[in-house]
Amino acid sequence: MTQAQRVIAFIENFCTLGGSFRGQPFILADFQKEIIETIFAEDEDGRRKIRTALVGLPRKNGKSILASCIAVYGLIADDRDPNPLVVCAASDRQQARLVHDECKRIIQDSEELSSVCTVQKNEIRCHRNNGVLRVLSADAGSAQGMGPSMVIQDELHIFRNDELYQALTLGSAARKEPLFINISTAGFEMDSPLGRMYTYGLKVQSGEIKDDSYAMVWHGPSLNSDFDPDDPEVWKECNPAW
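It should be emphasised that the depicted structure is a prediction, and the values quoted were computed from it without experimental measurement. (Residues numbered from 1 in each chain as written. Predicted model: local features only at pLDDT ≥ 70, side-chain atom pairs only at ≥ 80, totals over all residues. Heavy atoms only, no water.)

Visitor: Tell me about the pairing of strand S7 (residues 179–184), and please be specific about residues and values.
Guide: S7 sits mainly inside the fold: six of its six residues count as buried. Residues Leu179, Ile181 and Ile183 of S7 are buried on one face, and the alternating residues Phe180, Asn182 and Ser184, pointing to the opposite face, are buried as well. In this structure, strand S1 (residues 52–56) lies alongside S7, joined through five bridges in parallel fashion. Bridge pairing in S7 links Ala53 to Ile181. (Buried < 20%, exposed > 50% of the residue type's maximum accessible area, 1.4 Å probe, protein only. Helix = DSSP H or I, 4+ residues; strand = E, 2+ residues; numbered from the N terminus. Pairing = 2+ DSSP bridges.)

Visitor: Explain the packing of aromatic side chains to me, and be specific about the residues and the numbers.
Guide: For any pair of aromatic rings, the description rests on two quantities: the centre-to-centre distance and the angle between the ring planes. In this structure the tally under the stated criterion is five aromatic pairs. The interplanar angle of 45° and the centroid separation of 5.5 Å between the aromatic rings of Phe10 and Phe14 together place this pair among those described as tilted. Here the residue Phe10 and the residue Phe14 both occupy positions in helix H1 (residues 3–14), the gap between them amounting to four residues, near one helical turn. For Phe10, a relative accessible area of 6% gives the class buried. Exposure remark for Phe14: the relative accessible area of 30% places this residue in the partly exposed category. (Phe/Tyr/Trp six-rings, centres within 6.5 Å; stacked < 30°, edge-to-face > 60°.)

Visitor: Could you give me a rundown of the confidence of the model for the protein, with the residues and numbers involved?
Guide: Here the protein averages 88 in pLDDT, while 96% of its residues score no lower than 70. By mean pLDDT, the top-scoring element of the protein is H1 (98), and the lowest-scoring one is helix H6 (residues 163–171) (77). (pLDDT = per-residue confidence, 0-100.)

Visitor: Which residues make up helix H3 (residues 63–76), and what are the values?
Guide: A rise of 1.5 Å per residue sets the reference length of H3, with its 14 residues, at 20 Å; its end C-alpha atoms lie 20 Å apart and thus fit the reference within 8%. A large share of H3 lies buried, amounting to 13 of its 14 residues. (Expected span 1.5 Å × (residues − 1).)

Visitor: Can you break down helix H4 (residues 93–108) residue by residue, with the values?
Guide: The end-to-end C-alpha separation of H4 is 22 Å, in line with the 22 Å expected for 16 residues at 1.5 Å each. Along H4, the residues classified as buried are Gln95, Ala96, Val99, His100, Cys103, Arg105, Ile106 and Ile107.

Visitor: Go over the packing of H1 against helix H2 (residues 30–39) with me, naming the residues and quoting the values.
Guide: When two helices pack together, their arrangement is given by the angle between their axes and by how far apart the axes lie. Closest axis-to-axis distance for the H1/H2 pair is 8 Å, and the angle between their directions is 140°. Comparing the axis directions of H1 and H2 gives the class oblique. Relative to H2, H1 is oriented so that their crossing is right-handed. Of H2, the residues touching H1 (which contributes Ala4, Val7, Ile8, Ile11 and Glu12) are Lys33, Ile36 and Glu37. (Axes fitted to C-alpha atoms, helices over the stretch in contact; angles between N-to-C directions. Parallel < 35°, antiparallel > 145°, perpendicular 65-115°, else oblique. Left-handed = near helix turned anticlockwise from the far one by under 90°. Contact = heavy atoms within 4.5 Å.)

Visitor: Got a sec to walk through the environment of Arg80? Specific residues and values, please.
Guide: With respect to the element layout, Arg80 can be found in the loop between H3 and strand S2 (85–90). On the basis of relative accessibility, which here comes to 15%, the residue Arg80 falls in the buried class. Residues Arg80 and Glu208 lie 128 residues apart in sequence; the distance between their C-alpha atoms is 31 Å. The contact partners of Arg80, leaving out residues within four places of it in the chain, are Gln3, Glu42, Gly46, Arg47, Arg48, Lys176 and Glu177. For Arg80, the side chain forms a polar contact with the main-chain oxygen of Gly46, separated by 2.7 Å. Looking at Arg80, its side chain comes within polar contact range of the side chain of Glu177, at 3.4 Å. (Polar contact = N/O pair within 3.5 Å; in protein donor to acceptor, adjacent residues only side chain to side chain.)

What follows is the structure, encoded as structure tokens:
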């Protein structure tokens, strides 16, 4: 079983939806499976190929639930690190709390997952591998000294700088196969953490930059494209969950 197949199987067997659909199994849509397959691609030796991924999704396309499920997978079932530290990073404390609460709900709504985890105020611990899932906000000070095996940055378009990201990147150097997932709706500023990562992704996709460890999956109008934001066909094209 490939890494991507493991992630898909974990989510569909153990994770459930929230809100009005709380308790219902999370059956991944094709575009969500494609995102997972891109992020968790393997090289010819079976090692994790992608180390940094940027995922762009419009609102109401299942962005946050997907990110939270991947974080819970990284805590409990990721076979690439025997002692994981998963960091869910957000721009501020309020957004970080939303991420933590969704991971908490996913675990507490599953008898199997809750049996191997303890949910605390600011972190979740897994007993089967001594793993930790922790949430951090960019306004909470330095992350120096942390060595995450997986980092998920939610709503990257709100981040004002990349200081937290750089600190976590430095700390992950001691990990065997670290993975950074950046997921966001579109922003407005190209001179921003999201804008720079998006521009870099375009250069990787065009072949201008050779970087097999970087992947970008972007659902939305292409840069400088001419489109009618009031056209329902554009809405459909840019929203994969349509």
